[in-house]
Amino acid sequence: DQQVKQNSPSLSVQEGRISILNCDYTNSMFDYFLWYKKYPAEGPTFLISISSIKDKNEDGRFTVFLNKSAKHLSLHIVPSQPGDSAVYFCAANQGGKLIFGQGTELSVKP
Amino acid sequence: DTGVSQNPRHKITKRGQNVTFRCDPISEHNRLYWYRQTLGQGPEFLTYFQNEAQLEKSRLLSDRFSAERPKGSFSTLEIQRTEQGDSAMYLCASSLLENNSPLHFGNGTRLTVT
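Given the structure is predicted, the values throughout are model-derived calculations rather than measurements.

Draft legend 1. Up close: the environment of A:S10. Residue and element names in this part refer to chain A. Summarising the element assignment, S10 is placed in strand 2 (residues 10–14). Residue classification places S10 among the exposed positions, given a relative accessible area of 52%. Sequence-wise, S10 and T104 are 94 residues apart; in three dimensions their C-alpha atoms are separated by 5.0 Å. With residues up to four places along the chain from it excluded, the contact list for S10 reads T104 and E105.

Draft legend 2. Representation of the sheet that holds strand 7 (residues 65–68) of chain B. Residue and element names in this part refer to chain B. On the basis of which strands lie adjacent, the open sheet formed by four strands has the order 1-3-8-7 and antiparallel pairing. Unpaired on one side and paired on the other, strand 1 (5–7) and strand 7 mark the two borders of the sheet. The sheet shows a mean angle of 15° between the axes of neighbouring strands, taken without regard to direction. Summarising the sheet, strand 3 (residues 19–24) and strand 8 (residues 75–79) pair through five bridges and their orientation is antiparallel. Following the sheet pairing, C23 is matched in strand 8 by S75.

Draft legend 3. Representation of the side chain of B:Q6 within the structure. All names here are of chain B. For Q6, the position within the fold is in strand 1. Among the polar contacts made by the side chain of Q6, one reaches the main-chain amide nitrogen of C92 at a distance of 2.9 Å. Separated by 3.0 Å, the side chain of Q6 and the backbone nitrogen of G108 make a polar contact. Those residues in contact with Q6, other than ones at most four positions away along the chain, are R22, C23, W34, Y90, L91, C92, G106, N107, G108 and T109.

Conventions we followed
- Residues numbered from 1 in each chain as written.
- Chains lettered and ligands numbered in written order.
- Predicted model: local features only at pLDDT ≥ 70, side-chain atom pairs only at ≥ 80, totals over all residues.
- Heavy atoms only, no water.
- Helix = DSSP H or I, 4+ residues; strand = E, 2+ residues; numbered from the N terminus.
- Buried < 20%, exposed > 50% of the residue type's maximum accessible area, 1.4 Å probe, protein only.
- Contact = heavy atoms within 4.5 Å.
- Pairing = 2+ DSSP bridges.
- Axes fitted to C-alpha atoms, helices over the stretch in contact; angles between N-to-C directions.
- Polar contact = N/O pair within 3.5 Å; in protein donor to acceptor, adjacent residues only side chain to side chain.

Structure below.
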């Protein structure tokens, strides 16, 4: 039972355009969500987070949106840069541990 | 901040052998986590410690897996009688005690069981 789902395994975007990565969850008790970025041969790196009391959190080029009624969150990257090419994981905090989605591989073309 | 350190980076072993991995967390972090990741999947929770106490263990974790954090600093993950299905990337992470403190991951140990 996959509690956190990323249904798009890959996404390709032109440099300078917006990248939108999506994530759905099933457990309405989740109250804190995070996005991680992973380069090959490295561990995941924390990117941005959002609490369920908010519907938006912004940090530079990265914005996370949370729609609690739809149990959906998204990560927007604008403008996208070639260095953003990586695998992106969303995660939900459950009692101190993180439950991860399957990841979406983003490719930003110059 | 030296980050989370994992050793070895790679381990190749034959089926049936035992292996042990080490994780050194960020020094001021109280919590330490072990995750496993296979190709095309996200990290899967295995177990976590708060100081030296093991607080939770995944119900999916085989009895062949054991983790320790004897002095509340570094941790070891041992897999006994390895099987080919154990081949994966084993990730360690640490965090502060505060609620919703993000996890900081090491670069992992890649295990290949032949």
